[in-house]
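Spelled out from the first residue to the last, the chains are:
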Amino acid sequence: MLKISKFGGSSLATGDQVRQVCDIITADPTRRIIVVSAPGKRHSDDIKVTDLLIAAASQRLMGKIGASECAEAIERYRNIATELELPTGIVESIAHDFTERLEDSTENADLYMDTMKAGGEDNCARLIAQVLQTRGVEAHYVNPKDAGLLLSDEPGNAHALPEAYNRLRNLKERPGITIFPGFFGYSNEGHIVTFSRGGSDITGAILASAVRAEVYENFTDVDSVFAANPFLVENPAPISELTYREMRELSYAGFSVFHDEALEPVYRAMVPVHIRNTNNPKSAGTLIVPECNTRETPVVGIAAMSNVCCVYLSKYLMNRQIGFGRRLLQILEAEKISFEHVPSGIDNMSVIIREDNLPVDKEKRVVEKIRQTLAPEDVSVERGLSLIMVVGEGMQHTVGVAARATSALAKSDVNIEIINQGSNEVSMMFGVKSTDMDIAVQALYKEFFDGHNS
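Now for a quick tour of the structure. Just so we're clear, the structure is a prediction, and the values are computed from it rather than from any experiment.

Our next topic: the sheet that holds strand E3 (residues 139-141). The strand order across the open sheet built from 8 strands is E3-E4-E2-E1-E7-E11-E12-E10, with neighbouring strands paired in mixed fashion. Of all the strands in the sheet, just E3 and strand E10 (241-243) have a single pairing partner and so form its edges. Sheet twist, expressed as the average angle between the axes of neighbouring strands with direction ignored, equals 20°. Contacts from helix H8 (residues 200-211) reach strand E1 (3-7), strand E2 (31-36), strand E4 (177-181) and strand E7 (215-220) within the one sheet, and its direction differs from that of E2 by about 155°.

Here we take up the pattern of salt bridges. One pass over the structure, following the stated rule, counts 23 salt bridges. One salt bridge in this structure joins Arg-383 and Glu-363, with 2.8 Å as the shortest N-O distance. Of the two residues, Arg-383 is situated in strand E15 (residues 378-391) and Glu-363 in helix H12 (residues 360-374); the sequence distance between them amounts to 20 residues. Using a relative accessible area of 30% as the deciding quantity, one classes Arg-383 as partly exposed. Three or more residues joined by partner-sharing salt bridges are found here, namely Lys-3, Asp-28, Arg-31, Glu-217 and Arg-276.

Residue placement: Leu-317 occurs in the loop between strand E13 (301-314) and helix H11 (324-334). Separated by 30 residues in sequence, Leu-317 and Asp-347 have C-alpha atoms that sit 5.7 Å apart.

Here we take up unusual backbone geometry. Of note in this structure, Glu-85 is not a glycine but carries a positive phi near 55°. Mapped onto the elements of the fold, Glu-85 is located in the loop between helix H3 (67-83) and helix H4 (88-102). Phi is positive for Met-270, close to 55°, though the residue is something other than glycine. Within the element layout of this structure, Met-270 appears in the loop between helix H10 (263-269) and strand E11 (273-277).

Definitions and limits used
Residues numbered from 1 in each chain as written. Predicted model: local features only at pLDDT ≥ 70, side-chain atom pairs only at ≥ 80, totals over all residues. Heavy atoms only, no water. Pairing = 2+ DSSP bridges. Helix = DSSP H or I, 4+ residues; strand = E, 2+ residues; numbered from the N terminus. Axes fitted to C-alpha atoms, helices over the stretch in contact; angles between N-to-C directions. Contact = heavy atoms within 4.5 Å. Salt bridge = Lys/Arg side-chain N within 4 Å of Asp/Glu carboxyl O. Buried < 20%, exposed > 50% of the residue type's maximum accessible area, 1.4 Å probe, protein only.

Read these as layout, nothing more, since geometry by itself doesn't imply function.
In structure tokens:
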């Protein structure tokens, strides 16, 4: 049996946390491949190491030095090493590595930023390997390039190349415990490239798929995935088990406990994912599996995504114009804008976009191109919206879920701006004003989970 275990930034923020992580690793001999993030926040007002490195890189790209931000990142590792009574050489090595990265060429800004960002995970992996070695454990740091983690040449949004999986499969033959840095890999040209933010989850999923792990353990700072955001709903019900599709929908719509892109590799290899708490490893956690046949309610969770906008356009006999939708989406593609949903009617179409993908300058260009290219009778952009997702595979076998949801929103005086349901009936989306988001989540949770709180 072979487990892949990934530890998030909050699990590695201090010396005590690192000590606990090492206890967890050594408690189970099947935990032979470990993926680590960069040290996260020690408290709510703290700064993540990755954010410090981004700030340092940004200073360099603006023609400044960035030394103070880089020094602060180094100090984080120094504090951890001091707490663990590690040899001073490990910190000197980390400081040298960060300094080299900071002074690297900035000719390609995107690649330079990725080189800096990747330093957090890379040096954390070296540190964890050192801690285990001081305990007398056979542990080895492995660089993603040496292991064969080849990624597409897309800085900040890379994806694993098909050939990477065959190369990574050899990791299971390595002796001892392999410590693998998350978040980044290498392009075919030899450049460091990173996944999207939070991408250490993706690294773990790729390795779990490549070696056909028995389970992919994802250690974080909560006991389980909950049916709703604990900041919006008091004492939400824990979810003991859910499917890949359900987790994908919930992650996409705001459940930050697991990266939504990380599900594809494990789904393809049918590797179960076990969400666990580093600070409470005896907790049952949440298991993500291909199918879940035992559930009392049709809905497994309520998620919310804020800061979205809607591009709305209408044109009489739109449905008769072949290629109308394609031409609309090509306008967005030309501006490098990704979209979330495209609800449509006979003579109208809406495109849901995250607001940060449509700044005001792009909005003006997009609207003008739509007018010139498609000649709609009306085109407008509405901002300040939120998407509420009601998720559950049981909905496809249950009559009246939509009626219950819309009734619950109406009783709470929440106006529905947009409604959309996928053909697979795993999720139902409601667009509401952002000012109504909290009320909407609470109303839907009460409707589907009242009486099921833990």
